[in-house]
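# Analysis of the macromolecular model
The primary structure of each chain is shown beneath.
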Amino acid sequence: MFDSPESVETILRQALEANGQRFTEQRAAVFRYLHATESHPTADEVFLHVRENVPGISLATVYKSLETLVGCGLAVKLTYGDGSARYDGRTDDHHHLRCVACGVVTDLPGRADDREVARLAASAQEFMVTGYRLELTGYCTSCAQGQTRAHPA
Ligand code: ZN
Ligand code: MN
């Protein structure tokens, strides 16, 4: 997250090359923004920020650039049941908090117990587990006003 601009570009060039993709300034602008933010933006939000620096860029180009970054392992696409998607420039294992009112997604500092996850995976029948996703849902601070917390029964 705090790499120098030069190393961010080197990371991008190497990953694109390794995946047979060309380096473009549009892709670089999308990657730089995604790499610097912790906001898990939607494609629209990335577009609104990136077009300030790359005036001619289209939403379609931003969307394709995001998908290219995901394909190169430089970003993670978080999809939701309502068909919406957010992009995460952080690709190490971590979990999320998601506000069910405004949709904001933030990183959860805590980690799940690896042994408990392995125990759950071992209980899967006729299924090859390759990963898992943990998301805590609820209300962010601004949306929590007027909401009652769910108490465990
Ligand atoms: Zn919220
Ligand atoms: Mn994240």
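See the structure shown above.
Anyway, here's the lowdown on the structure attached to this text. What you see is a predicted model; the values in this text were computed from it and never measured. For every chain, the first residue of its written sequence is number 1, and the numbers climb from 1 along that sequence. Naming scheme: in the order in which they are written, chains are lettered from A and ligands are numbered from 1. Thresholds applied to this predicted model are a pLDDT of at least 70 for local features of residues and 80 or more for the giving and counting of side-chain atom pairs; totals over whole chains, interfaces and linings are not thresholded and use all residues. Side-chain numbers come from the whole structure's heavy atoms, not from hydrogens or water.

Regarding its fold elements, the protein chain presents six helices and five strands. Per the convention used, a helix needs a DSSP run of H or I reaching at least four residues, while a strand needs a run of E reaching at least two, with both numbered from the N terminus. Going from N to C terminus, the protein chain has its helices and strands arranged as α-α-α-α-β-β-β-β-α-β-α. Principal-axis analysis of the C-alpha atoms gives the protein chain an extent of 55 × 45 × 30 Å. By residue count, 31% of the 153 residues in the protein chain fall in the buried class. By the convention used here, residues are in contact when the closest approach between their heavy atoms is within 4.5 Å. Considering only residue pairs separated by 6 or more positions, the protein chain has 47% of its internal contacts joining residues 24 or more positions apart. Surface accessibility follows the Shrake-Rupley procedure with a 1.4 Å probe radius. Residue values consider only the protein chains on display as shielding. Summed over its atoms, the accessible surface of the protein chain is roughly 10200 Å², and 52% of this surface lies on carbon and sulfur atoms. Only four residue types enter the tally: Lys and Arg on the positive side, Asp and Glu on the negative side, with His and both chain ends excluded. Throughout, a charge is located at the NZ atom of Lys, the CZ atom of Arg, the CG atom of Asp or the CD atom of Glu. Taking the 15 positively charged and 20 negatively charged side chains of the protein chain as two groups, their mean positions are separated by 3 Å. Think of it in three bands: residues with accessible area under 20% of the maximum for their type are buried, residues over 50% are exposed, and the middle band is partly exposed, with areas taken using a 1.4 Å probe on protein chains only.

This paragraph deals with the pairing of strand E3 (residues 95–99). Relative to strand E4 (residues 105–108), E3 runs antiparallel, the two being bridged by four bridges. What sits directly across from His95, in E4, is Leu108. The criterion for strand pairing is that DSSP finds at least two bridges linking the strands in question. As judged from the four bridges shared by E3 and strand E5 (residues 135–138), these two strands associate in the parallel manner. Paired with Leu97 across the bridge in E5 is Leu136.

So, on to a nonpolar patch on the surface. Together, Leu97, Tyr132, Leu134 and Leu136 make up an exposed nonpolar region whose accessible area comes to about 320 Å². Along the chain, the position of Tyr132 falls in the loop between helix H5 (114–122) and E5. What makes a patch is a set of residues exposed beyond 30% relative accessible area and free of salt bridges, joined within 9 Å when like-charged and within 5 Å when nonpolar (Val, Leu, Ile, Met, Phe, Trp, Tyr). The term salt bridge refers to a side-chain nitrogen of Lys or Arg lying within 4 Å of a carboxyl oxygen of Asp or Glu.

On to the packing of aromatic side chains. Geometrically, a pair of aromatic rings is defined through the distance of the ring centres and the angle of the planes. Pairing of aromatic rings covers Phe, Tyr and Trp, the last counted by its six-membered ring, and requires centre-to-centre distances within 6.5 Å; plane angles under 30 degrees mean stacked, over 60 mean edge-to-face, and any other angle means tilted. Within this structure, the stated rule accounts for zero aromatic pairs. Cation over ring: Arg13 sits above Phe23, and NZ or CZ is 3.7 Å from the ring centre. Whether a charge sits over a ring comes down to the Lys NZ or Arg CZ being within 6 Å of the ring centre and within 35 degrees of the ring normal.

Each metal's donors are the N, O and S atoms found within 2.8 Å of it, except that Na, K and Ca use a 3.2 Å limit; water is left out, so coordination can look incomplete. Around the zinc ion (ligand 1), the protein supplies Cys99 (SG), Cys102 (SG), Cys140 (SG) and Cys143 (SG) as donor atoms, at distances of 2.3 Å. Note that the zinc ion (ligand 1) binds four donor atoms; their angles at the metal cover 103 to 117 degrees, and the shape is tetrahedral. In the primary sequence, the donor residues of the zinc ion (ligand 1) line up as C-x2-C-x37-C-x2-C. Of this pair, Cys102 sits in the loop between E3 and E4 while Cys140 sits in the loop between E5 and helix H6 (141–144), and the two are 38 residues apart along the sequence. Every angle between 85 and 135 degrees makes a four-donor site tetrahedral, while opposite donors more than 155 degrees apart, with all other angles between 65 and 115, make a four-donor site square planar and a six-donor site octahedral; other sites are irregular.

One open sheet accounts for three strands, arranged E4-E3-E5; its pairing is mixed. Two strands close off the open sheet at either side, each with one partner strand: E4 and E5. Neighbour to neighbour, the strand axes of the sheet diverge by 25 degrees on average, direction disregarded. Here, axes are lines fitted to C-alpha atoms. For helices the fit covers the stretch in contact, and angles between N-to-C directions go from 0 to 180 degrees.

For the manganese ion (ligand 2), the protein coordination sphere consists of His40 (NE2), Asp88 (OD), His94 (NE2), His96 (NE2) and Asp107 (OD), at 2.0 to 2.2 Å. Here the donor residues of the manganese ion (ligand 2) share one chain and are spaced in sequence as H-x47-D-x5-H-x1-H-x10-D. You can see His96 sitting in strand E3 and its partner Asp107 sitting in strand E4, a full eleven residues away along the chain. Classification of His96 as buried rests on a relative accessible area of 7%. The exposure class of Asp107 is partly exposed, given its relative accessible area of 22%.

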